[in-house]
Amino acid sequence: MIARIWHGRTKLEDFEEYSQFLKKRAIPDYKSTEGFIKLTFLRRIKDGKGDFVLITFWKNLEVIKNFAGEDYEKAKYYPEDKEYLLEFEENVTHYKVFADE
């Protein structure tokens, strides 16, 4: 199993609205991808900004490529993200999961 980790930041006033957007748009998109296992969305307010971390879990790198494309280390963004995110980190991080309880 592979964990894929993404990070994003919003203005404080967009914190709740972006959270709802992620629930309505991103989560169904991930769930509809074959080989997707589960996800965890984390959020907090730090230094007056909304701080988001997404950890998705996938069967293997091949199914991540089905979701993200051949250049699977590039972050995937939705057109609507432009309305919320303060920056667009270019890459995500992948880890091989060696224990999950």
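Since we're looking at a predicted model, the values are computed, not measured.

Parameters at a glance
Residues numbered from 1 in each chain as written. Predicted model: local features only at pLDDT ≥ 70, side-chain atom pairs only at ≥ 80, totals over all residues. Heavy atoms only, no water. Core = buried A, V, L, I, M, F, W, Y, C linked by side-chain atoms within 4.5 Å. Buried < 20%, exposed > 50% of the residue type's maximum accessible area, 1.4 Å probe, protein only. Helix = DSSP H or I, 4+ residues; strand = E, 2+ residues; numbered from the N terminus. Contact = heavy atoms within 4.5 Å. Expected span 1.5 Å × (residues − 1). Bend = angle between axes of the 7 residues up to and from the residue. Pairing = 2+ DSSP bridges. Axes fitted to C-alpha atoms, helices over the stretch in contact; angles between N-to-C directions. Polar contact = N/O pair within 3.5 Å; in protein donor to acceptor, adjacent residues only side chain to side chain.

Enquirer: Explain the nonpolar core to me, and be specific about the residues and the numbers.
Expert: Formed by 21 residues in total, the largest nonpolar core has its most connected members in Trp-6, Tyr-18, Tyr-30 and Trp-58. Per-element tally for this core: the top contributor is helix H1 (residues 15-31), with 6 residues. Those residues in contact with Tyr-18 that sit more than four places away from it in its chain are Trp-6, Thr-10, Phe-52, Asp-81, Tyr-84 and Leu-85.

Enquirer: Could you give an account of H1, naming the residues involved and the relevant values?
Expert: With 17 residues, H1 extends 23 Å between its outermost C-alpha atoms, agreeing within 8% with the 24 Å of an ideal straight helix rising 1.5 Å per residue. Considering bend angle alone, the principal kink of H1 is centred on Leu-22 and spans about 35°. If you check which residues of H1 are buried, you get Phe-15, Tyr-18, Ser-19, Phe-21, Leu-22, Ala-26, Ile-27, Asp-29 and Tyr-30. Buried positions along H1 lie against strand E1 (2-11), strand E2 (36-46), strand E3 (49-58) and helix H2 (61-68).

Enquirer: Give a detailed account of the sheet that holds strand E4 (residues 93-96), specifying residues and quantitative values.
Expert: The strand order across the open sheet built from 4 strands is E2-E3-E1-E4, with neighbouring strands paired in antiparallel fashion. Single-partner strands in this sheet number two, and they are E2 and E4. When strand polarity is set aside, the average angle formed by the axes of neighbouring strands in this sheet is 20°. Sheet topology places E2 next to E3; 10 bridges connect them, and they run antiparallel. Bridging across to E3, Leu-39 finds its partner in Thr-56.

Enquirer: Let's hear about the side chain of Asp-51: which residues, and what values?
Expert: Topologically, Asp-51 is positioned in strand E3. A polar contact of 2.4 Å, which involves the side chain of Asp-51, links it to the side chain of His-7. Setting aside residues up to four positions removed in sequence, Asp-51 forms contacts with His-7, Gly-8, Arg-9, Phe-15, Leu-42, Arg-43 and Arg-44.

Enquirer: Hey, could you go over the environment of Ile-37 for me, with residue numbers and the actual values?
Expert: Take Ile-37: it is sitting in strand E2. Looking at Ile-37, the relative accessible area reads 43%, which means it is partly exposed. Residue contacts for Ile-37: discarding those within four places in its chain leaves Met-1, Phe-57, Trp-58 and Lys-59.

Enquirer: Account for unusual backbone geometry, naming residues and giving values.
Expert: Within the chain, Asp-47 stands out as a residue other than glycine whose phi angle is a positive 55°. Considering the arrangement of structural elements, one finds Asp-47 in the loop between E2 and E3.

Enquirer: Lay out the environment of Phe-52 in plain terms, naming residues and giving numbers.
Expert: With respect to the helices and strands, Phe-52 occurs in strand E3. Judged by its relative accessible area of 1%, Phe-52 is buried. Sequence separation of Phe-52 and Ser-32 is 20 residues, and the distance between their C-alpha atoms is 22 Å. Look past the residues within four positions of Phe-52 in its chain and what remains in contact with it is Trp-6, His-7, Gly-8, Thr-10, Phe-15, Tyr-18, Ser-19, Leu-22, Leu-42 and Arg-43.

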